[in-house]
Amino acid sequence: MKVGDLVKIQKWCKNKHRVAIVTRAHDWDKAGVWIEYIDGQSSRKDESGGGYAMRENLILLSES
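Residues numbered from 1 in each chain as written. Predicted model: local features only at pLDDT ≥ 70, side-chain atom pairs only at ≥ 80, totals over all residues. Heavy atoms only, no water.

**Student:** Would you mind going over the overall build of the protein chain with me for this structure?
**Tutor:** Summing up its helical and strand segments, the protein chain has zero helices and five strands in all. Going from the N terminus to the C terminus, the protein chain shows its helices and strands as β-β-β-β-β. A burial count over the protein chain gives 31% of its 64 residues as buried. If you take every contact in the protein chain between residues at least 6 apart in sequence, the share linking residues at least 24 apart comes to 39%. If you sum the accessible surface of the protein chain, you get close to 4400 Å²; carbon and sulfur atoms cover 53% of it. (Helix = DSSP H or I, 4+ residues; strand = E, 2+ residues; numbered from the N terminus. Buried < 20%, exposed > 50% of the residue type's maximum accessible area, 1.4 Å probe, protein only. Contact = heavy atoms within 4.5 Å. Areas by Shrake-Rupley, 256 points an atom, 1.4 Å probe, with all protein chains shown as cover.)

Dropping the structure here:
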């Protein structure tokens, strides 16, 4: 996965089925990427709308 990829959160995760975009991905970090949700939902008022996600918990919808 790389920056700009559109992803969906797997069904077993806390934010299941939410859609996000990859905002940061490092070659040295094979386990995860940083994402930002783009679906307009927010589970908490003070939530930034994104964070670190494990690659195995993401479904690639569209490559950048």
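The discussion continues.
**Student:** I'm lost on the sheet that holds strand β1 (residues 6–9) in this one. Help?
**Tutor:** Either a parallel or an antiparallel arrangement is found when strands of a sheet pair, and the pairing is made through backbone hydrogen bonds. An order of β4-β3-β2-β1-β5 is seen for the five strands of this open sheet, with the pairing classed as antiparallel. Edge positions in the sheet fall to β4 (50–54) and β5 (58–62), since each of these pairs with one other strand and no more. Going across the sheet, the axis of each strand differs from the next one's by a mean of 45°, ignoring polarity. Bridge count between strand β3 (residues 32–37) and β4: five bridges; the pairing is antiparallel. Looking at β4, one finds that E36 is bridged to G50. (Pairing = 2+ DSSP bridges. Axes fitted to C-alpha atoms, helices over the stretch in contact; angles between N-to-C directions.)

**Student:** Is there a simple way to explain unusual backbone geometry in this structure?
**Tutor:** Excluding glycine, a negative phi dihedral is what most residues carry, and trans is how most peptide bonds are arranged. Positive phi is not limited to glycine here, since H17 has a value of about 70°. Assessed through its relative accessible area of 46%, H17 is described here as partly exposed.

**Student:** Got a minute to help me understand the pairing of β1 in this structure?
**Tutor:** Within a regular strand, side chains alternate between the sheet's two faces. Residue alternation in β1 divides its side chains into a buried set, V7 and I9, and an unburied set, L6 and K8. As paired strands, β1 and strand β2 (residues 19–24) are joined by three bridges and run antiparallel to one another. Bridge pairing in β2 places K8 opposite V19. Across four bridges, the pairing between β1 and β5 is antiparallel. Its bridge partner being in β5, L6 is matched across the sheet by S62.

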